[in-house]
Amino acid sequence: MEFGVLGPLTIRIDAKTVDLGALKQRALLIHLLLRVGETVSVDRLVDALWEHDPPPQARATLRSYVSSLRRALVTAGKESVVVTQGSGYGLQVDADAIDAVRFERLVGAARTHLSAGELDPALAAVDEALGLWRGEALADVADLAFATGERTRLEELRLSAQEDRIDLLLALGRHGEAVGSAEALTATEPLRERVRGQLMLGLYRSGRAPDALTVFARHRESLVDELGLDPSPQLQDLAHRILNQAGDLEGARPARSPVDPQLPSRLTSIVGRQTELERLAEFLSRSRLVSLIGPGGAGKTTLAVAGARACAGDHPDGVWFVPLAAESDPARVAVAVADVIGVPGDLETADRLLAARLAGRRALLVLDNCEHLADACARLVEHLLHGTDDVKVLVTSREALGVPGELQMSVPPLSAGDAAGLFAERAAAVRPDLPLEGYAADIARICDRLDGMPLAIELAAARVRAITPSEIAARLDDRFGLLTTGARTAEARHRTLRDVVEWSHELLAPDEQALFRRLAVFRGGWTLPAAEAVCDADGPGEVLDVLGRLVERSLVVAQGDRFTMLETILAYAAERLDASGEGPAFRRAHSMYFADMAQSAEPELRGKDQAGALAALRRDDQNLRAALVWARDHVAMEPAVGLGLAASLGWYWYVGRQVDGRTELSSMLAATPSAPDHVRARALQALSLSLRPGGCIVHAHTAAADAAHASAVLFDRVGDRSRAALSRLLLAVEGVDGGDVPAHLDAVAAARHVLDVEQDRWGVALADFVEMEIRLHQVDVAEALEIGRRAAAGFDALGDPWGRSAVRLHLGIGLRLAGDLEHAVLVLGDAVRISRDTSLDNNLARSLQELGDAVLGRGQFEEAARWFDEAGAVAEELGDGLLQALVLAGRGDLARLREDPTTANAHYLRAQASLVEVEGPRGVVRAVLGAAAASLDVADTSTAGRQLETASMVMEKLNDAGLGASVLEQRARLAAALGNPEAVAGLLGEADVLRMAHSRPRTALEQRDVDSVTDAV
């Protein structure tokens, strides 16, 4: 009698199959089989078959099933194996008659054989065990709860046995079978790491190391994508040992290649480079010639050796490494290769003999450091590739060979994480007692300053023998003096950082050396036209040709239409420039070029070309800063250059880094009192923009108004009516906070007339914008919104992103203040989109903050929090205190609506401190009012009284109906808390008059506060 549960239920008695029919009867037998030798109670069997919801006749039905089983399961002696035992039932059969029991016994036997070193019997036992499986375990009862745990256990045992079998195949040297089995298992169980490791090991032992590393890479990607996890440390260690050809991975394997790889051994581990190794393996599979290209110290040799070792199994007739750094005679390149391979040849015969020896062979040559012998190496490689069919060549060089069919692979710097790992590993080797955990920021800075270049990082790490990483980071301005501690056994060109770069420099022709050092005047990259204009070679064509050769030699990096140098190479070029005596002339040329560029770009910053002009200036931001530094240092000689450059950048700074503009313009104006009136006027107008709190052109500010007035006077003096009108618009912005509002509106109208006559459509749209803001806060909301829509249409017609976003921002504010939250959210959403698309960070931060306020008014707390978080992040990056404070005030309102006055109060007080510092009176009132309201929420009338006094004092200098009404309403709350109902009625009445007169409905939070007072009184 035999029972099978490793698949659909089978019963065989005397070689005949028994069919039980009904599912419940089969489920009853399986339950008893799983507990063979035990007595299973009737209650337990009823629960198992009907899952805790048995029918009334369940026990009777169970007895019927048991009777049927008794009749079906009868031995040759006519005795049934189903027996009644007390209040339950059981089976009296040999446990080994059940395939699941037999499977576990065989797996155990296989492991016993394995522990005794009996591999063949172990494999036979596990094969027999796995052969018992016919499908999924307990397939008939897969949907019944009683089988779930046992099914899972059996399936896991099966997977484990399959993995045991793969281990046995690997131990027996049957690597091809192991790989096939492992691939089949990973196809169905992709997340099991044991079988992944077995597949990697099988591939490696089959001579397919690159495939093994590819398996690991894909598994890592899958884990990260699906689960957000990294491979286990054990699997990562296996990949690392495969990468480094660890000897303990060999095990039993097929006969080795007749020629062992002739590659240099590494005394240290390789850190990172997994992606590059996978790419190199893929390149070698596609091409017979692959060149690893990169600057000195990039790790080309290390990568080439590791890649060659990983693919040695694909080249059974030999892998040879030929170092060429010490060879100076191009005629001897073929001889050097022949010497390594063991081919007897001289200058005349070596190339022919090499081709003859390698003909018909599957071999790989690694030619290391070919840059100084590029022509000779190119001729030899082309000769060998033509003379053989299966020979491949891997080259390391600072420039490509230029041979047909060559695949060039650039060797990039290490990633930030790998660079830090390399530094830590090498530092620990020279000073194991130094705790590096506290130096993470310093190590990151070192690696960044050294461009992620492995050799430079290793030289820096060697310095921890004497100084800490913090001291190394502080001394990197003198990197060539600091990094001089390479290994004594290293090649001369790799012993110091200067040696590395100098080797490349000495290989340059005189015209290449000249352009190389002159390019050191640039910061953050340059374009071809900039290099042609500044570096003053023999003509545009000359610069193009020489620059191209510097790119080919890995001293300059081409990135789209721009070029850069690694910081270390740039530092060396700057040294050479100073030593040549050319520095002053070319730094002046650099400053003049970028001053002209900024002046040409300024008109494009207003209108349809704004986005492109802003992007161009941002790309050259570092060059513009360097030009300003030069101009400031030479202000006595050429006072108009620096001030003119700063003035031209005023709008660029205003829409982005306003704080930078404020600093640069103030210092340059102070340093150039003798600059021409027109230049000073432009700079003062730009200063007025940069002083606007929160990057808002319609934000009133005393110092900004003073600068605008001074610029208008100077523009009048030089007869520039259009610019004078723009300055008077900036002065009229003071009307937003009150004062003589009719006079300010008249000033706007006069400026608009001049700008209209001058056909300055941008200026006319700005005049509408300024008038909208004055009317919004001081006159009539509906009229203000209508003028604002006209301003938006004007900027839309011009295609000016700043104007389109800024006007929509303030239209959204107006709609929010007027209580039209639905349209406010739509308009503010447009402002956010336009600002984000054009990287107008000031507008973006404010639009996000206002959008948060608007959705908060609609009761969308979570969405408001998200907008405040994004606004806060942008404001923090800008370093703008007003924007950060407004976000804090919004978060305070959110906390109050969530009935968390303690958190709200903390936000309001932080906002108030920042707003006082940046002179934002409206924001100060909002923050102080919020703090007072939060104090009243917790019945702290004393603190609330002091805060409301502060708010009232600020309001004396500020004419704002909405804020004035809010102050009155909070004073009413205070009066109610102090038991003065008469004062409450009067204060609320005054507030209602203000709101009605100026169309300022209450927000949801303000209405809640007023309702709390009226309910109490």
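For clarity, every value in this text was computed on a predicted model and none was experimentally measured. (Residues numbered from 1 in each chain as written. Predicted model: local features only at pLDDT ≥ 70, side-chain atom pairs only at ≥ 80, totals over all residues. Heavy atoms only, no water.)

Trainee: Is there a simple way to think about helix α21 (residues 497-506) in this case?
Mentor: Each turn of an α-helix holds 3.6 residues, which means side chains three or four residues apart point in the same direction. Within α21, burial applies to Leu497, Val500, Val501, Ser504 and His505. Along the axis of α21, the buried residues cluster in a sector spanning 130°; they form a single face. Buried-residue contacts for α21 involve α18 (454-462), α20 (479-482), α22 (510-518) and α25 (567-580). (Buried < 20%, exposed > 50% of the residue type's maximum accessible area, 1.4 Å probe, protein only. Helix = DSSP H or I, 4+ residues; strand = E, 2+ residues; numbered from the N terminus. Arc of directions from axis to C-beta. Contact = heavy atoms within 4.5 Å.)

Trainee: What's the story with the side chain of Glu371 in this structure? I'm lost.
Mentor: Inspection of the secondary structure puts Glu371 in the loop between β9 (364-368) and α15 (374-387). For Glu371, a relative accessible area of 6% gives the class buried. Setting aside residues up to four positions removed in sequence, Glu371 forms contacts with Thr396, Ser397, Arg398, Glu399, Trp503 and Leu507.

Trainee: Looking at this structure, how should I read the packing of helix α26 (residues 583-601) against helix α27 (residues 610-619)?
Mentor: When two helices pack together, their arrangement is given by the angle between the helix axes and by the axis-to-axis distance. Close contact between α26 and α27 brings their axes to 10 Å; oriented N to C, the two are set at 160°. When the axes of α26 and α27 are compared, the pair comes out roughly antiparallel. Both α26 and α27 take part in a crossing whose hand is left-handed. Between α26 and α27, the contacting residues are Met597, Ala598 and Ala601 on the first element and Ala613, Ala616 and Leu617 on the second. Here the contact of α26 with α27 is built from residues that sort into six nonpolar, no polar and no charged. (Axes fitted to C-alpha atoms, helices over the stretch in contact; angles between N-to-C directions. Parallel < 35°, antiparallel > 145°, perpendicular 65-115°, else oblique. Left-handed = near helix turned anticlockwise from the far one by under 90°. Nonpolar A, V, L, I, M, F, W, Y, C, P; charged D, E, K, R; others polar.)

Trainee: How do you make sense of the sheet that holds β9 when you look at a structure like this?
Mentor: For sheets, the rule is that strands pair by backbone hydrogen bonds, running either parallel or antiparallel. Spatially, the five strands line up as an open sheet ordered β8-β9-β10-β7-β11, and their pairing is parallel. Single-partner strands in this sheet number two, and they are β8 (319-323) and β11 (407-410). Taking the axes of each pair of neighbouring strands and ignoring which way they run, one obtains an average angle of 15° across the sheet. Sheet topology note: the strand β7 (residues 289-293)/β11 ladder contains four bridges and is parallel. In the sheet register, Leu292 faces β11, and the bridge partner there is Met409. Across the sheet, helix α12 (residues 300-310) touches β7, β8, β9, β10 (392-397) and β11, and the angle it forms with β10 is around 160°. (Pairing = 2+ DSSP bridges.)

Trainee: Would you explain the layout of surface pockets in this entry?
Mentor: The probe, sized like a water molecule, is rolled over the atoms to show the empty space still left. Within this model, the second largest pocket holds a volume of roughly 1100 Å³. Contributing elements (two or more residues each) for the lining of the second largest pocket: α36 (761-778), α38 (801-817), α40 (841-857), α42 (881-897), α43 (901-917), α44 (921-937), α46 (961-977) and α48 (1004-1016). Of the residues forming the lining of the second largest pocket, the biggest block, seven residues, is contributed by α44. Residues of the lining of the second largest pocket, tallied by class, amount to 20 nonpolar, 13 polar and 17 charged. (1 Å grid on protein atoms, 1.4 Å probe; cavity = no way out; pocket = protein on both sides within 12 Å on 5 of 7 lines; lining within 4 Å. Points joined across faces, edges and corners; volume = space filled by probe spheres on them.)

Trainee: Quick question: what am I supposed to make of empty space enclosed by the protein here?
Mentor: Taken as a whole and judged by the stated rule, the model has six cavities of 30 Å³ or more. Looking at the largest cavity, its volume works out to about 120 Å³. Around the largest cavity, the lining comprises 15 residues; the ones closest to its centre are Gly296, Val500, Val501, Thr568 and Ile569. Elements with a minimum of two residues in the lining of the largest cavity: α18, α21 and α25. No other element matches α21, which puts four residues into the lining of the largest cavity. Among the residues making up the lining of the largest cavity, the classes are represented as 10 nonpolar, four polar and one charged. One number sums up the size of the second largest cavity: a volume of about 70 Å³.

Note that all results are geometric; they support no functional claim without further evidence.
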